[in-house]
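Below are the chains, spelled out letter by letter.
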Amino acid sequence: MGRYGSRVSSVLQDCTTQDRVFLAIGCHPHLANKLGGERMMQLERLALSYSGRLVAIGECGLDNSQKNTVPLAIQKRAFAAQVELALKLQLPLVLHIREAEEEGRQVLREAGVPKNYRLHRHCFTGAWEVAASWLRLYPASMLGITGVVTYQSASQVHEVARRVSLNNLLIETDSPYMLPSDVSKRTDGYSFSMPGHVIHVAAQVAALRKTTTARILQANRENIWKVYNITK
C-alpha cells in the first residue's frame, strides 16, 4: 500500500456516521506541491473507498494570489490530475480559482471537461462579466456565494447575487472564514463562520433579489441535488 496507503483521517471516518453529511475530497492549490506519486494514488483510493458518501472531487484548482507560494506550474499539474480523476469517476468538481481565471479554464479545456459537466465555483468573488462568461462555457455550473455577500463593500458579489439565475446559484459559508457581517462578534460570541450561518447568506441574497429567504433556500436545495446528486 505504500507510505500513505492505509492512512485515513479520523475526520473522514467520523463523517460516515452522520446521515446527512457528504464528502468532497481533494487537494487545495495551497498544498498542490504535496500531491504527487503515492499521495495522488491515495486520493483515488479514498474516493473509491467512500463511494456513495463521496459526492465530489475538490476543492481543487489554481490560486495565483499572494497567499499561495506554490508555483503555478505545479498547481496546474495537481489540478489537472484531480480533474482527470473526477472525469474517471464521473464526479463533480469543487473549484477554487483565484486570480487565475484563464489558466483555470485552460486546464479544464485541455482535460476535455464537457460543456455541461457539473462544476461548483466555490466562493466566487469575481465580477458579473467573469461569471457570465464562465456560465456561457459551463452552463451547468453553480456559483457559490459566501458570507462576503453581507459585506457592504462587496459590490461585485452583490451584482452577481442579483443577476445570476437561481438555477446556477449555491449559497455557502466557507467555514471558518467569511463570518457574515450581521453576526456580531461581541453579542453572539462568534469570531468564525459556521455552516448554520448560511441562513445569513440566504437572507442577504434574498434582499438583493427582492424575494424571500425561503425561495433562495428552496433554490439552493434543488441546486445541491442537481450538482451533487444528493437525493431529496
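The text that follows walks through the structure, step by step, so that each part is easy to find. (Residues numbered from 1 in each chain as written. Predicted model: local features only at pLDDT ≥ 70, side-chain atom pairs only at ≥ 80, totals over all residues. Heavy atoms only, no water.)

All of the buried residues in helix H4 (residues 101-111) are Glu101, Gly104, Arg105, Val107 and Leu108. Summarising the axial view, the buried residues of H4 lie within an arc of 155°, below the 170-degree limit, and thus occupy one face. Across H4 from its buried face, at more than 90 degrees, point the exposed residues Glu102, Arg109 and Glu110. On its buried side, H4 packs onto strand E2 (54-63), helix H3 (72-89), strand E3 (93-98), strand E4 (119-121) and helix H5 (128-137). (Buried < 20%, exposed > 50% of the residue type's maximum accessible area, 1.4 Å probe, protein only. Helix = DSSP H or I, 4+ residues; strand = E, 2+ residues; numbered from the N terminus. Arc of directions from axis to C-beta. Contact = heavy atoms within 4.5 Å.)

Okay, the pattern of salt bridges next. For the structure shown, the criterion picks out five salt bridges. With a closest N to O distance of 3.9 Å, aspartate 63 and arginine 98 form a salt bridge. Of the two residues, aspartate 63 is situated in strand E2 and arginine 98 in strand E3; the sequence distance between them amounts to 35 residues. Relative accessible area serves as the criterion here: at 0%, aspartate 63 is assigned to the buried category. In this structure, glutamate 101 and arginine 105 form a salt bridge, with 3.1 Å as the shortest nitrogen-oxygen distance. Highlighted residues: glutamate 101 and arginine 105, both in helix H4, separated by four residues, approximately one helical turn. In this structure, glutamate 101 and arginine 105 share a single accessibility class: buried. A network of salt bridges, in which partner residues are shared, links Glu101, Arg105 and Arg121. (Salt bridge = Lys/Arg side-chain N within 4 Å of Asp/Glu carboxyl O.)

So, on to the side chain of serine 65. Note that serine 65 resides in the loop between E2 and H3. With residues up to four places along the chain from it excluded, the contact list for serine 65 reads Arg98 and Glu99.

Proteins that are soluble and globular tend to have nonpolar side chains buried together. Among the nonpolar cores identified, the biggest contains 58 residues, and Leu93, Leu108, Trp134 and Val205 are the most heavily contacted of them. Setting aside residues up to four positions removed in sequence, leucine 93 forms contacts with Ile57, Cys60, Gln82, Val83, Ala86, Leu108, Arg118, Leu119 and His120. Membership of the second largest hydrophobic core comes to eight residues, among which are Val55, Ala56, Met142 and Leu170. (Core = buried A, V, L, I, M, F, W, Y, C linked by side-chain atoms within 4.5 Å.)

Listed in full, the buried residues belonging to helix H6 (residues 155-163) are Val157, His158, Val160 and Ala161. Buried residues of H6, viewed axially, fall in a sector of 165°; they line one side. Structurally, H6 contributes buried residues whose contacts are with H5, strand E5 (142-145) and helix H7 (198-209).

Per the counting criterion, the structure on display carries one aromatic pair. Taking the centre distance of 5.2 Å and the plane angle of 45° together, the rings of tryptophan 134 and tyrosine 138 count as tilted. In this structure, arginine 121 packs its charged tip against the face of tryptophan 134, placed 4.5 Å from the ring centre. (Phe/Tyr/Trp six-rings, centres within 6.5 Å; stacked < 30°, edge-to-face > 60°. Lys NZ or Arg CZ within 6 Å of the ring centre and 35° of its normal.)

With that settled, consider the sheet that holds E2. Strand order across the open sheet formed by six strands is E1-E2-E3-E4-E5-E6, with parallel pairing between neighbours. The open sheet is flanked by strand E1 (23-25) and strand E6 (169-171), the only strands paired with a single partner. Here the average twist between neighbouring strands, direction ignored, is 30°. Strand direction decides the pairing type here: E2 and E3, joined by six bridges, are parallel. Within E3, the position partnered with glycine 58 by the bridge is valine 94. (Pairing = 2+ DSSP bridges. Axes fitted to C-alpha atoms, helices over the stretch in contact; angles between N-to-C directions.)

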